[in-house]
Amino acid sequence: MRKRHKLLKNTFALASVMTLISAWWGVTSLGLVRPLILPSPAEVGLGLVDIWHGYLGVPFMNHFKASLSVMILGYLSAAVVGVSIGIGMAWIPSVDRLLSPLVSAIRPIPPPAWIPLTILWFGIDLTAKVFIVFVAAVVPCLLNSYQGIKSVPVDLLNAGRSLGATRKVLLMEIVVPAALPVILGGLRIALGTAWATIVAAELVVSLAGFGFLIMNGYRNLESNIVFCGMLAVAITGFLMNFLFLRLSQKLVPWMPSEK
Amino acid sequence: MSIKVHNFNWSKQALILCLWLAIWGLIVEVFKVSSDFLPNPVKVLERIITLSYEPIGAGTLVTHAAASVTRLLSGFVSAILLGVPLGLLMAYFRPINWALTPIFELFRYIPPIAWAPFALFWFGAGNTAQAYVIFTSAFPPILINSFLGVKLIDIHLLNAGLSLGARTWTILTEIALPAAFPLIMTGVRIGLAAGWMALIAAEIVAGTGTRDGLGYLILQGQQQLHADLTIGAMAVISVIGVSLDSLLRRVERHFSAWRV
């Protein structure tokens, strides 16, 4: 019964994806919609070739490098800062008292709202984009670390205490490992937020990057370039998420796996 | 994402926040930071106040805030109207779930703002395009939570309905929907926050295309080197975001009064 179920499920999945793709193919090849509204698969292929050979004189690898270097620098620094402040706030009450009003004030500002201020402060170079990614990623890192530490079962703490653990040992060997799954959850949310924000920033102003492709495709009314840019953003986002899950399962074997 | 950060009283919180604002002001004064770069908090507050009677672009602060909230609502309400029923149906009828999940998975990794160019190609520059971008960001959390809400219903409730001879429609509307309500509301609140973020992104990316909205104010501040305008608009955005969320919480409490 279970096996049949799975077969049925896969058949449905395959059928619906095939339907979507053939509908796309059919509608565009019959000329029912203008290429601007929906580019045909062939046009998307041509777009990819165009980008590969350097769309608007920007080599393909530059887009990749531009988006990813910003992502790595901003995201990693946000992870380090966010997680340590989150842990600090959860573990030391006076830090909590001092910082939590600040966090509550900054948290509701949507990350893209920082883009113009960042341009004002740093211009449009690497620093500016790293700062944007940092701002977008630091909040979920911080909140989840805080929440993770706060929700460590008190039994674990008591067990450690009764065995004579010092506060430092308690934190490093009991609390942080127990909170890691929640902390990693925050890091994963931050990965998505940071990626969406960097794309938004590149849409506003950029000299390379996937957002650059999307925006210039739009300006030149080349919807196939826009499509390719979106595809590149989605594939990169998917790969980052996939790698993150793999890595966190490797590093934290006690992490509860996805359903 | 309602993590309780504050576990001490409000007045103390406000006091400490004032302390931070004072530090901000002090840094600006001591290091003589140019007000084009970082104005002190008093200037930002003054700016918000003058903005409430002095028009920029399409009108005063109220006009811009109203424009943004209206845009948000059009995308957000359509996300609810489509997301909740679809989530319920996907949870209740397995083939619908099997057929639609892979399609949603295909689109899942596209950030909402990346839809902006296609939204403009499809709907032209206008409110529909922005509503579409908001829809794409608010729809997934609403759909997923409605789906989970039904999937996590106590099976006894459904069986009780079935054994009393309830029809599918009755079960969906009178058992599944109320039982899934708390999770649906969580999805709606996440969707609102996501939609608000996408709206601001859309208004900033659309740039000078529209002449109203809070994102427009932020952008104006940047282009005219008025950091006080940019920061003031950011503050207004965050206050409106928080107020909308607390409004939804109130709605949630109102409609789940029957829960103990």
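Scroll up a little and you will see the structure.
Once a new chain begins, its residue numbering starts again from 1 and follows that chain's sequence as written. Lettering for chains starts from A, numbering for ligands starts from 1, and both go in the order in which the items are written. At least 70 in pLDDT is required for a residue's local features to be given in this predicted model, at least 80 for side-chain atom pairs to be given and counted, and no such filter applies to totals for whole chains, interfaces and linings, which use all residues. Neither water nor hydrogens contribute to the side-chain values; these are computed over all heavy atoms in the structure.

1. Regarding the overall build of chain A
Step number 1: Strands are runs of DSSP state E lasting at least two residues, helices are runs of H or I lasting at least four, and both sets are numbered from the N terminus onward. Across its full length, chain A holds 10 helices and 0 strands.
Step number 2: In chain A, the succession of helices and strands from N to C terminus is α-α-α-α-α-α-α-α-α-α.
Step number 3: To get the radius of gyration, use the C-alpha atoms; to get the globule rule, take the number of residues to the power 0.38 and multiply by 2.2 Å. For chain A, whose C-alpha radius of gyration is 23 Å, the value lies well above the compact-globule estimate of 18 Å for 259 residues.
Step number 4: Here the C-alpha coordinates of chain A stretch approximately 75 × 60 × 30 Å along the principal axes.
Step number 5: The classification of residues rests on relative accessible area computed with a 1.4 Å probe and restricted to protein chains. Under 20% of the type maximum is buried, over 50% is exposed, and intermediate values are partly exposed. Buried residues in chain A amount to 47% of all 259 residues.
Step number 6: In chain A, once contacts between residues fewer than 6 apart in sequence are set aside, the share between residues at least 24 apart is 73%.
Step number 7: Note that His is not counted, nor are the chain ends; the positive residues are Lys and Arg, and the negative ones are Asp and Glu. The atom standing in for a charge is NZ when the residue is Lys, CZ when it is Arg, CG when it is Asp and CD when it is Glu. Here chain A contributes 19 positive and 9 negative side-chain charges, whose respective centroids are spaced 11 Å apart. Note on contacts: a residue pair qualifies if any of its non-hydrogen atoms lie within 4.5 Å across the two residues.

2. With respect to the pattern of salt bridges
Between side chains of opposite charge, a pair can form when the charged atoms approach closely.
All names here are of chain B.
Step number 1: Salt bridges are defined by distance alone: a side-chain nitrogen of Lys or Arg within 4 Å of a carboxyl oxygen of Asp or Glu. Summed over all chains, the structure comprises 7 salt bridges over all chains.
Step number 2: Among the salt bridges present, the one from Asp212 reaches Arg71, with a minimum N-O distance of 2.5 Å. Taken together, the residues Asp212 in the loop between helix H8 (168-206) and helix H9 (214-223) and Arg71 in helix H3 (residues 61-92) connect sequence positions 141 residues apart.
Step number 3: Taking the shortest distance from any N to any O, the salt bridge between Asp245 and Arg189 comes out at 2.9 Å. Of this pair, Asp245 sits in helix H10 (residues 227-255) while Arg189 is found in helix H8, placing the two residues 56 residues apart along the sequence.

3. With respect to the nonpolar core
Step number 1: Ranked by size, the top nonpolar core spans 78 residues in total, and within it Tyr75(A), Ile149(A), Leu187(A), Trp195(A), Met230(A) and Ile113(B) carry the most contacts.
Step number 2: Of all the elements, helix H8 (residues 167-204) of chain A adds the most residues to this core, at 18 residues.
Step number 3: Not counting the four nearest positions on each side in its chain, Ile113(B) is found in contact with Ala196(A), Ala200(A), Leu203(A), Val133(B), Ala198(B), Ala201(B), Ala202(B) and Val205(B).
Step number 4: By size, the runner-up hydrophobic cluster in this structure holds 59 residues, among which are Leu120(A), Leu61(B), Leu143(B) and Phe147(B). Residues grouped as a nonpolar core are buried Ala, Val, Leu, Ile, Met, Phe, Trp, Tyr and Cys residues, joined through side-chain atoms within 4.5 Å.

4. Observations concerning the interface of chain A and chain B
Step number 1: The interface is formed by 61 residues belonging to chain A together with 51 residues belonging to chain B.
Step number 2: Between chain A and chain B the total buried area reaches about 5,100 Å² when both faces are included, carbon and sulfur atoms providing 80% of it.
Step number 3: Where chain A packs against chain B, one counts 0 salt bridges.
Step number 4: Of the residues belonging to the side of chain A that touches chain B, the class tally is 43 nonpolar, 12 polar and 6 charged. By definition, the buried area sums, over both parts, the 1.4 Å-probe accessible area that each loses when the two are put together. Residue polarity is assigned by list, with Asp, Glu, Lys and Arg as charged and Ala, Val, Leu, Ile, Met, Phe, Trp, Tyr, Cys and Pro as nonpolar; anything else, Gly included, falls into the polar class.

5. Considerations on the side chain of Thr230(B)
Step number 1: Tracing the backbone through its elements, the reader meets Thr230(B) in helix H10.
Step number 2: Judged by relative accessible area, Thr230(B) falls into the buried class, the value being 0%.
Step number 3: Beyond its immediate chain neighbours, meaning those up to four positions away, Thr230(B) contacts Leu117(A), Ile218(B), Gly221(B) and Gln222(B).

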